[in-house]
Amino acid sequence: MENIYVGFWAALIIYTLYLFVIILNKRRLNNYVNNSKECTLIKRRFKINFDKVNHKLVANLFAIDNALIIGFTFAVILYIDNLILKLLAAFLIFTVLVIITYLMIGKFIKGKEAK
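Caption draft 1: Structural detail: a nonpolar patch on the surface. On the surface, Met1, Ile4, Tyr5, Phe8, Trp9, Leu12, Ile13, Leu17 and Tyr79 cluster together into a nonpolar patch covering about 1,000 Å² of accessible area. Structurally, the position occupied by Phe8 is in helix H1 (residues 2–23).

Caption draft 2: Seen up close, helix H3 (residues 37–46). Taken as a whole, H3 has its buried residues at Glu38, Cys39, Ile42 and Phe46. Seen from one end, H3 has its buried residues packed into an arc of 90°, which puts them on one side. Those residues of H3 that are exposed and angled more than 90 degrees off the buried face are Lys37 and Arg44. On its buried face, H3 sits against H1, helix H2 (26–35), helix H4 (55–77) and helix H5 (83–114). Phi turns positive, to about 55°, at Lys47, one or two residues after H3.

Caption draft 3: Fine view of the packing of H1 against H4. H4 packs onto H1 with a crossing angle of 150° between their chain directions and a minimal axis gap of 8 Å. The angle between the axes of H1 and H4 places the two elements in the roughly antiparallel class. For the pair H1 and H4, the crossing hand works out as right-handed. Along its contact with H1, which presents Asn3, Ile4, Val6, Gly7, Ala10, Ala11, Ile14, Tyr15, Tyr18 and Ile23, the element H4 presents Lys56, Ala59, Asn60, Ala63, Ile64, Asn66, Ala67, Leu68, Ile70, Gly71, Phe74 and Ala75. A class-by-class count of the residues in the contact of H1 with H4 yields 16 nonpolar, 5 polar and 1 charged.

Caption draft 4: Main features of the packing of aromatic side chains. One pass over the full model with this rule turns up 3 aromatic pairs. Between the aromatic rings of Phe8 and Trp9, the centroid separation amounts to 5.5 Å while the plane-to-plane angle is 70°, which identifies the pairing as edge-to-face. Between Tyr18 and Tyr32 the ring centres are 6.5 Å apart and the planes differ by 75°, which places this aromatic pair in the edge-to-face class. Note that Tyr18 is positioned in helix H1 and Tyr32 in helix H2, a separation of 14 residues in sequence. Sitting over the ring of Phe46, Arg45 keeps its end group 5.2 Å from the ring centre.

Conventions and cut-offs
- Residues numbered from 1 in each chain as written.
- Predicted model: local features only at pLDDT ≥ 70, side-chain atom pairs only at ≥ 80, totals over all residues.
- Heavy atoms only, no water.
- Patch = residues over 30% accessible without salt bridge, like charges linked within 9 Å, V, L, I, M, F, W, Y side chains within 5 Å.
- Areas by Shrake-Rupley, 256 points an atom, 1.4 Å probe, with all protein chains shown as cover.
- Salt bridge = Lys/Arg side-chain N within 4 Å of Asp/Glu carboxyl O.
- Helix = DSSP H or I, 4+ residues; strand = E, 2+ residues; numbered from the N terminus.
- Buried < 20%, exposed > 50% of the residue type's maximum accessible area, 1.4 Å probe, protein only.
- Arc of directions from axis to C-beta.
- Contact = heavy atoms within 4.5 Å.
- Axes fitted to C-alpha atoms, helices over the stretch in contact; angles between N-to-C directions.
- Parallel < 35°, antiparallel > 145°, perpendicular 65-115°, else oblique.
- Left-handed = near helix turned anticlockwise from the far one by under 90°.
- Nonpolar A, V, L, I, M, F, W, Y, C, P; charged D, E, K, R; others polar.
- Phe/Tyr/Trp six-rings, centres within 6.5 Å; stacked < 30°, edge-to-face > 60°.
- Lys NZ or Arg CZ within 6 Å of the ring centre and 35° of its normal.

Below is the structure:
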């Protein structure tokens, strides 16, 4: 049970860092939305024009998503004892969650762009 708390706190710390470093700084916020790998991937896959979408919304979505992915992955691998299995499980969990959640975020942002 305490592994879940550790994952939650890790996600909270990571989101807080995203908030203070990227989201609350306008120059870094615009640079993040225009140049980050996450936004570039979504822009190419869904043909989204980020000028029509609120940049804070996009940055918050990716910040929450990345924080939850890392926190969940961290909480799950704490249950595994073998180092090789930890690395393999972390890679698989992380990759699957990134693919699934980034596609969901892309569809959500595409819907917001259409409005």
